[in-house]
Amino acid sequence: MAKTRPGKRDLDSYTIKGTNKVVKAGDCVLMRPSDTDKAPYVAKVEKIEADNRNNVKVKVRWYYRPEESIGGRRQFHGAKELFLSDHFDVQSAHTIEGKCTVHSFKNYTKLENVGTEDYFCRFEYKASTGGFTPDRVAVYCKCEMPYNPDDLMVQCEGCKDWFHPSCMGMTIEQAKKLERFLCADCSSEDEVKRSPNKFPVSPSAETKVRIMILDLFLLCLSVIVFL
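Residues numbered from 1 in each chain as written. Predicted model: local features only at pLDDT ≥ 70, side-chain atom pairs only at ≥ 80, totals over all residues. Heavy atoms only, no water.

Named according to an unreviewed UniProt entry, the protein is BAH domain-containing protein originating from Papaver somniferum. What UniProt states about the protein under its Subcellular location (unreviewed entry) heading is, verbatim, "Nucleus". UniProt, in its Sequence similarities (unreviewed entry) section for the protein, records the words "Belongs to the SHL1/EBS protein family." (UniProt positions renumbered as here; feature names shortened; annotations may be inferred.)

Novice: Describe in detail the packing of aromatic side chains, supporting the description with residues and values.
Specialist: Tallying each qualifying case throughout the model produces 12 aromatic pairs. With a centroid separation of 5.5 Å and an interplanar angle of 50°, the aromatic rings of Y64 and Y125 are classed as tilted. Of this pair, Y64 sits in strand β6 (residues 56-64) while Y125 is found in strand β9 (residues 118-126), placing the two residues 61 residues apart along the sequence. Here the aromatic cluster, defined as three or more aromatic residues joined through ring pairs, consists of Y64, F83, F123, Y125 and F132. The ring of Y119 has K80 sitting right over it, with the charged end atom 4.7 Å from the ring centre. A cation over a ring is seen here: R122 above F105, with NZ or CZ 4.5 Å from the ring centre. (Phe/Tyr/Trp six-rings, centres within 6.5 Å; stacked < 30°, edge-to-face > 60°. Helix = DSSP H or I, 4+ residues; strand = E, 2+ residues; numbered from the N terminus. Lys NZ or Arg CZ within 6 Å of the ring centre and 35° of its normal.)

Right, dumping it as structure tokens:
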């Protein structure tokens, strides 16, 4: 935890101006951007302190949206996805507009309803290099892309891999009506044991499949763009 500077005092909490919402260290907040056309910035509060004039400052660790990263937004990034960066900053507490929740990827995929203040994070991001931790991610379907929780996927009862309906020549409406699904490689089998559980529509966080190395993926994309 950062040391308090001379003439400063630590605060246990801060009440967002014009509201009854209380912010404490460890909370995630929405912060007002200088450009009003942009979406609020998202940050994790590390420390709250006030000076002798009672001006309140917060030390924050920024979350980056995919489009703010070196690699940019990709197909597999969810609309509510954030990267926890190594970029720290000190801001006036008055720029805090509200609180939000940044879920783990696993918990986010279990939400029955995603609110406007719900986000998720599955990577830490090094702002200076564009590197990710972890630098590998599971990929699915014949397109071999990581899971985007905004997109419907169906699981093959044979190989247990997950597929996008569009990659299988189906519409989303057709996929939702399926009681069972076999991919092209498994459809020729005579008998496939049917799962007794409800037909799943998204990959489990524990599913072990092929792995994509993110840095290599971003490098290849940058080469394609350059060419």
